[in-house]
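Topology and contacts: notes
Residues per chain, in single letters:
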Amino acid sequence: MTTRPNVPFRYALNAAAAAGLYIVLMILIRAKVLNRYQALMLIPIGFNIILAVSLNLSAGFLGQLPLGHAGFMSVGAYTAALFSMSVSLPTNLELPLALVLGGLMAAVFGVLIGLPALRLKGDYLAILTLGFGEIIRVIILNLKFTGGAYGLKGIGRQTTVTWVYIFVLITLFILNTLIKSRHGRAILSIREDEIAAEASGIPTTYYKVLAFSISAGFAGVAGGLYAHYLSILDPSSFGFMKSAEILVIVVLGGLGSIFGSVVSATVLTILPELLRGFAEYRMVIYSLLLVAVMIFKPSGLCGRYEFSLGDTLDDFFTLLRGKLKKQEPVARKPATPEPAAPEPAKGK
Amino acid sequence: MMTLVYLMINGLQIGSIYSLVALGYSMVYGIVKLVNFAHGDVIMVGAYTTWYLVSRFSVPAWIAALVSVAVCSVLGMLIEKIAYKPLRKSGRLSLLVTAIGVSLLLQNAMQLLFSANPRMFTNIFTGTMTIGERQFSNATAATIAVSVVIMAGLTLLVKKTKIGKAMRTVSEDNETAQLMGINVNHTISFTFALGSGLAAVGAVFYCCSYSQIQPTMGSMLGLKAFVAAVLGGIGSLPGAMTGGLCIGIAESLTKGYVSSQLTDAVVFGILIVVLLVKPSGIFGRPHNEKV
C-alpha cells in the first residue's frame, strides 16, 4: 500500500459519503424513524463534535493541556448571540455570519491568551488557561450588555440540523487538511519534542499560537451554534466543569485522533440520555464508566487511529482481490503435483 | 483603620482554610505530579460527614469532626489506590481525566445520597468576642488558632520524622527513593491520607463560617485553594501556607473595598500574574528542562 492515493477521487468519495449521510439522516427524520426529540439530539451531538475536535487540535496534536475551552466557547456564543440579536437579516445569512463572527472573536481571544500562556509548559499552561477561562466567565457575569447573572435571553432559535451538519463538515475538513499539511507536521513535531522542533528551524511559538487560536476559533463557532440552539445563555454554564467535560470527550476518544473525538462526542452526548431511564443514577454511572475506561485503556478508545473512507475501501478491495486470486488457482489447479521433496536421509 | 484590621482578620480566617486545603494539593502534586481535582470534593465529603453525624445522631461536634477527618483520610487513600495507582505509569493527561472523573463521581454520589438541596450546618463555635469596636465569632479565632497548630505540627512531621523524610525523598526522586529502600506506595498513600485529613479539618471550619453545604461546594473552594498552592509555589509546604493566607486576605480586601462580585476575578487574576511573572511561585524552585 505504498501507492499514492488518487486525491481528487478521494475528495469526491468523501463528499459523496458526507452527502449520502446527510440524505439518510434527513430521510430518517422525515419518515419519523427518528422522533422530534431524537432529531433535536443531533444538534448537541454536532456542536460537541466541533468542541471536541477543536480541543483535540491543541491537546492531542499540539500536545498542550488547555483547561479553558469553555471560555472560548462562551466568547463565541455571546458574540454570535449579540450579533444576531442586533441585526435583522434573512436567517440563512444571519446565522452563518454570526457563527463566523463568533469564531473570529474567539480566535482573537485565543491569540491574546495564547501569547502569554504558551510561554509556559505542561501543568502550568493548564492552570493558566483554567484561570483565563474562569476570568472570562466572571467578566461576562459582571458586564451590562451580556445580561450579567440573569443571562442573555431571546436569541433566535436558528440552529437547525442542516446548519450544524454543514459546520461539522467544515470543521472536520479544515482540521483534517491542516493536520496533513506542512503546518500540521510542524504542530505534530512540537508535540513530539519541542526542543528538537525548535532546533530543526520550526518557529515553535508561531505554530503554538496558530494551533491554539484555530482551536479557540472553532470552539467559538460551536458556542454560536449552542447559543442559537438553547436561545438563552447563562454564564454559569461555561465554568470549569464545561471545559473538563470537553476534555473528557477528547481523552476518552483518544488524544490525537479526530475520528476518536467524533465517535466519543457522539457516544457521550447520547449516553446520558440513554441512561435517563435510571434518572438519578445516570451521572454516577457516567462518571464510573469514565474512570473505568481511563484505568483499563488510558490511551482512549481509539488511541491515535484515524478512519479514512478511501483507505478502508482500498483495503477492502485488496482483500477481496486477494481472496479471488487465492481461489483461482484452487479452482483450475492443473495436475502438476509439486515434485516431492526428497526424503531426508535418515541418520546413518 | 479598624475596617482594615477587621478585613485582615476575616481574610486570615478564610485564608487559613485555603491553606489547609492547599497543603493537600501541594503535597500530592509534589509526590505524584498530579493536580488532584478530586481534592475539592473530598472537602465536600468531610463537610457532609460532620453534618450527618451532628444532625442525625447528635454526636458531639468535636467527635464528629475527628470522625470526618478519619473518613476523609481513608477516602483519599482509597481514591489513590483504586483510581490513580493503575495509571501512575501512563500519561499525565489520563491521570488528570481520571481525577476529574473521580470528582464527578463523588459529587453525583453525594447528590444521590443527600439530594442536591443545600443543608444547614450549625456552627460548632458559638459566641462572639469583641476586638476594638468590631465583633468576631469564636469560629474565626478557632479557625486561625487550630490552623496555626496544625501547620506547625505538619512542618515538624515533614522535617523531623521518618515518614516525613520519606515523603521529601519520594517527591525529590521517586525511583532513587525506591532504590534506597523506601516503600514508595506506603509513602504515597500516607501523603494522600494526610492531605485529605487536612481537607476535612478545612471543611469543618469552612462550614462553621458559611453554614451551608451542598454537593458542589467543593469545586470553587478547591479551585481557589489550588490557586493558593500555585501562588506559594506548588510542591512547597510553606508556600501553600503563605499562598492560602495571601489569597484569603486579597479576597477579603476585595470584598470590603471593591465589590464582592469581583473576588473570583481577583483570585484568578493573581494566578495569571504569578504564572506570567514567576511560574514557580513564591517558594518554588525553578526547574529547567534538559535536552
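None of these values were measured; they are calculated from a predicted model. (Residues numbered from 1 in each chain as written. Chains lettered and ligands numbered in written order. Predicted model: local features only at pLDDT ≥ 70, side-chain atom pairs only at ≥ 80, totals over all residues.)

**Some points on the overall build of chain B**
Assigned secondary structure in chain B consists of eleven helices and four strands. Whereas a compact globule of 291 residues would reach a radius of gyration of roughly 19 Å, chain B reaches 19 Å, a difference of no more than 12%. Across its three principal directions, the C-alpha atoms of chain B cover 60 × 45 × 35 Å. Within chain B, the proportion of its 291 residues that are buried is 52%. (Helix = DSSP H or I, 4+ residues; strand = E, 2+ residues; numbered from the N terminus. Rg over C-alpha atoms; globule rule 2.2 N^0.38 Å. Buried ≥ 20, exposed ≤ 12 C-beta atoms within 10 Å, placed from the backbone.)

**Structural notes on the overall build of chain A**
Assigned secondary structure in chain A consists of 13 helices and zero strands. Its helices and strands taken in sequence order, chain A reads α-α-α-α-α-α-α-α-α-α-α-α-α from the N to the C terminus. Here chain A, with 348 residues, has 41% of them falling under the buried criterion. Taking the intrachain contacts of chain A between residues at least 6 apart in sequence as the baseline, contacts between residues at least 24 apart amount to 82%. (Contact = placed C-beta atoms within 7 Å.)

**Observations concerning the interface of chain B and chain A**
Often, the extent of an interface is quoted as the loss of accessible area upon association of its parts. Taken together, the contact between chain B and chain A spans 33 residues of the former and 33 residues of the latter. Element by element, the count of residues in the side of chain B that touches chain A is highest for helix H4 (residues 92-114) of chain B, at twelve residues. Per-class residue counts for the side of chain B that touches chain A are 23 nonpolar, nine polar and one charged. (Nonpolar A, V, L, I, M, F, W, Y, C, P; charged D, E, K, R; others polar.)

**A few points about the environment of alanine 126 of chain A**
Residues and elements named next belong to chain A. Among the secondary structure elements, alanine 126 is positioned in helix H5 (residues 122-142). Look at alanine 126 and you get buried, because 23 C-beta atoms sit within 10 Å. Between the C-alpha atom of alanine 126 and that of serine 215, which follows or precedes it by 89 residues, the distance is 15 Å. Among residues more than four places away in sequence, those in contact with alanine 126 are Leu65, Pro66 and Leu67.

**Notes on helix H3 (residues 69-86) of chain A**
End to end, H3 of chain A covers 26 Å across 18 residues, agreeing with the expected 26 Å (1.5 Å per residue, within 8%). Counting buried residues in H3 of chain A gives 15 out of 18 residues, a clear majority hidden from the surface. (Expected span 1.5 Å × (residues − 1).)

**Topic: the nonpolar core**
Here is a general trend for soluble globular proteins: nonpolar side chains tend to be buried in one another's company. In terms of nonpolar packing, the biggest core is built from 188 residues, with Ile50, Ala222 and Leu247 of chain A together with Val21, Ala47, Val227 and Leu271 of chain B touching the most fellow members. Looking at which element gives the most residues to this core, the answer is helix H8 (residues 184-210) of chain B, with 15 residues. Among residues more than four places away in sequence, those in contact with leucine 271 of chain B are Ile127 and Gly131 of chain A together with Val227, Val230 and Leu231 of chain B. (Core = buried A, V, L, I, M, F, W, Y, C linked by C-beta atoms within 7 Å.)

**A few points about the confidence of the model for chain A**
Should pLDDT be low for a region, the predicted coordinates there are not to be read in detail. Residue-level pLDDT values for chain A average 84, and 91% of them are 70 or greater. Across residues 331-341 of chain A the pLDDT falls below 50, and counting only partners more than four positions away or on other chains, this stretch makes zero contacts in the model. (pLDDT = per-residue confidence, 0-100.)

**Quick look at unusual backbone geometry**
If you check the backbone angles, serine 231 of chain A has positive phi at about 70° while not being a glycine. Turning to its location among the elements, serine 231 of chain A is positioned in the loop between helix H9 (204-230) and helix H10 (240-253). One non-glycine residue, lysine 33 of chain B, lies in positive phi territory at about 55°. Here lysine 33 of chain B shows up in the loop between helix H1 (2-32) and helix H2 (39-57). For lysine 33 of chain B, a count of 16 C-beta atoms within 10 Å puts it in the partly exposed group.

**What about the confidence of the model for chain B?**
Residues and elements named next belong to chain B. Here chain B shows a mean pLDDT of 87. Residues at 70 or above account for 96%. Put simply, strand S2 (residues 128-131) is where chain B has its lowest mean pLDDT, 72, and helix H3 (residues 61-84) is where it has its highest, 92. Under the prediction, the complex receives an ipTM of 0.82, its pTM being 0.82.

**Considering the packing of H3 of chain A against helix H4 (residues 91-117) of chain A**
Residues and elements named next belong to chain A. Between H3 and H4, the shortest axis-to-axis distance is 8 Å and the interhelical angle comes to 140°. The orientation of H3 with respect to H4, classified from their angle, is oblique. The handedness of the crossing between H3 and H4 is right-handed. Residues Phe72, Val75, Gly76, Ala77, Thr79, Ala80, Phe83 and Ser84 of H3 form the contact with H4, whose own contacting residues are Glu94, Leu95, Ala98, Leu99, Leu101, Gly102, Gly103, Met105, Ala106, Phe109 and Gly110. Here the contact of H3 with H4 is built from residues that sort into twelve nonpolar, six polar and one charged. (Axes fitted to C-alpha atoms, helices over the stretch in contact; angles between N-to-C directions. Parallel < 35°, antiparallel > 145°, perpendicular 65-115°, else oblique. Left-handed = near helix turned anticlockwise from the far one by under 90°.)

**Looking at the packing of H3 of chain A against H9 of chain A**
Residue and element names in this part refer to chain A. Axis separation between H3 and H9 bottoms out at 6 Å; the angle between their running directions is 50°. One way to sum up the angle between H3 and H9 is to call them oblique. Seen along the crossing, H3 lies across H9 with a hand that is right-handed. Every residue of H9 that contacts H3 at His69, Phe72, Met73, Ser74, Val75, Gly76, Ala77, Ala80, Ala81 and Ser84 is listed here: Ala216, Ala219, Gly220, Val221, Ala222, Gly223, Gly224, Tyr226, Ala227 and His228. The residue makeup of the contact of H3 with H9, split by class, is twelve nonpolar, eight polar and no charged.

**Details of helix H11 (residues 258-274) of chain A**
The end-to-end C-alpha distance of H11 of chain A, which contains 17 residues, comes to 24 Å, matching closely the 24 Å that a straight helix rising 1.5 Å per residue would cover. For H11 of chain A, the secondary structure elements touched by its buried residues are helix H2 (36-61), helix H6 (161-180) and H10 of chain A.

**Let's talk about the environment of tyrosine 48 of chain B**
Residues and elements named next belong to chain B. With respect to the helices and strands, tyrosine 48 occurs in helix H2. Since 23 C-beta atoms lie within 10 Å of it, tyrosine 48 is described here as buried. Sequence separation of tyrosine 48 and asparagine 108 is 60 residues, and the distance between their C-alpha atoms is 13 Å. Beyond its immediate sequence surroundings of up to four residues, tyrosine 48 is in contact with Met110, Phe114 and Ile213.

**Some points on the environment of serine 55 of chain B**
Residue and element names in this part refer to chain B. With respect to the secondary-structure elements, serine 55 resides in helix H2. Look at serine 55 and you get partly exposed, because 14 C-beta atoms sit within 10 Å. The sequence separation of serine 55 and valine 267 amounts to 212 residues, and the corresponding C-alpha distance is 34 Å.

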